[in-house]
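# Residue-level structural notes
Residue-level listing of the chains:
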Amino acid sequence: MEIRKAFEKVKRFVDWEYKQKRPKSIQALRVKSQTIFTIGTLPDYQIKSIGPVIFIVVSDYGDSLTVYFFNKFGDKLGSKKYEPTPKFIN
C-alpha cells in the first residue's frame, strides 16, 4: 500500500510539472529491482536489491531532458538535466 501512496505523490508532481512548465512529453517510470541471489532450479528463493530510487520522471523539453528521482515514499531526491543524444534516448 505504501508504494501506491508514493505513486500518487509522484503523479501529483507530474501533473504540476506539466501544468507549470509545459514539456513536450512527460513520463513517470518505476525502477526495477535487481536480483542478487537465487536458489533453486525454478528460482524457489530469490533475494532482490532495491536502491534508494524507486520512481523516475522524465520531462522532454526538446532541447533538453530533465530526469527527477523519487524514493519509496514519493519524496523528490533531486534532478539532473541531460542533452538528448540518440544514444541516451535509446
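Overview of the structure. Because the structure is a prediction, the values reported are computed rather than measured.

### Focus: the overall build of the protein
Across its full length, the protein holds two helices and six strands. Helices and strands in the protein line up, N terminus first, as α-β-β-β-β-β-β-α. A compact globule built from 90 residues should have a C-alpha radius of gyration of about 12 Å, whereas the protein, at 16 Å, is more than 25% larger. Dimensions of the protein along its principal axes, counting C-alpha atoms only, are 50 × 35 × 20 Å. Just so you have it, the protein exposes about 7,000 Å², and 54% of that area is on carbon and sulfur atoms.

### Looking at helix 1 (residues 2–21)
Counted at 1.5 Å a residue, the expected span for helix 1 with its 20 residues is 28 Å, and the 28 Å between its end C-alpha atoms agrees. Taken together, the buried positions of helix 1 are occupied by Ala6, Val10, Phe13, Val14 and Glu17. Angularly, the buried residues of helix 1 cover 105° about the axis, an arc narrow enough to put them on a single face. The outward face of helix 1, more than 90 degrees from its buried face, is lined by the exposed residues Arg4, Lys5, Arg12 and Lys19. Summarising the contacts, the buried residues of helix 1 are in contact with strand 1 (25–30), strand 4 (55–60), strand 5 (65–70) and strand 6 (76–82). Once helix 1 finishes, arginine 22 follows within two positions and takes phi at roughly 50°, a positive value.

### Comments concerning the environment of serine 79
Locating serine 79 in the fold gives a position in strand 6. As for serine 79 and valine 57, which are separated by 22 residues in sequence, their C-alpha atoms are 9.2 Å apart. Among residues more than four places away in sequence, those in contact with serine 79 are Thr66, Val67, Tyr68 and Phe69.

### Here we look at the pairing of strand 6
In the case of a regular strand, side chains alternate between the two sheet surfaces. Where strand 5 and strand 6 come together, six bridges link them in antiparallel fashion. Its bridge partner being in strand 6, valine 67 is matched across the sheet by lysine 80. Counted along the chain from strand 5 to the antiparallel partner strand 6, the turn is five residues long, and its residue glycine 74 has a positive phi close to 85°.

### Looking at unusual backbone geometry
Unusually for a residue other than glycine, arginine 22 sits at a positive phi of about 50°. Assessed through its relative accessible area of 55%, arginine 22 is described here as exposed.

### Description of the nonpolar core
Ranked by size, the top nonpolar core spans 10 residues in total: Ala6, Val10, Phe13, Val14, Ile26, Ile54, Phe55, Val57, Tyr68 and Phe70. For this core, the secondary structure elements donating two or more residues are helix 1, strand 4 and strand 5. Examining the composition of this core, we find that four residues originate from one element, helix 1, more than from any other. Once residues lying within four places of it in the same chain are set aside, the contact partners of isoleucine 26 are Val14, Glu17, Tyr18, Val57, Val58 and Ser59.

About the thresholds
- Residues numbered from 1 in each chain as written.
- Predicted model: local features only at pLDDT ≥ 70, side-chain atom pairs only at ≥ 80, totals over all residues.
- Heavy atoms only, no water.
- Helix = DSSP H or I, 4+ residues; strand = E, 2+ residues; numbered from the N terminus.
- Rg over C-alpha atoms; globule rule 2.2 N^0.38 Å.
- Areas by Shrake-Rupley, 256 points an atom, 1.4 Å probe, with all protein chains shown as cover.
- Expected span 1.5 Å × (residues − 1).
- Buried < 20%, exposed > 50% of the residue type's maximum accessible area, 1.4 Å probe, protein only.
- Arc of directions from axis to C-beta.
- Contact = heavy atoms within 4.5 Å.
- Pairing = 2+ DSSP bridges.
- Core = buried A, V, L, I, M, F, W, Y, C linked by side-chain atoms within 4.5 Å.

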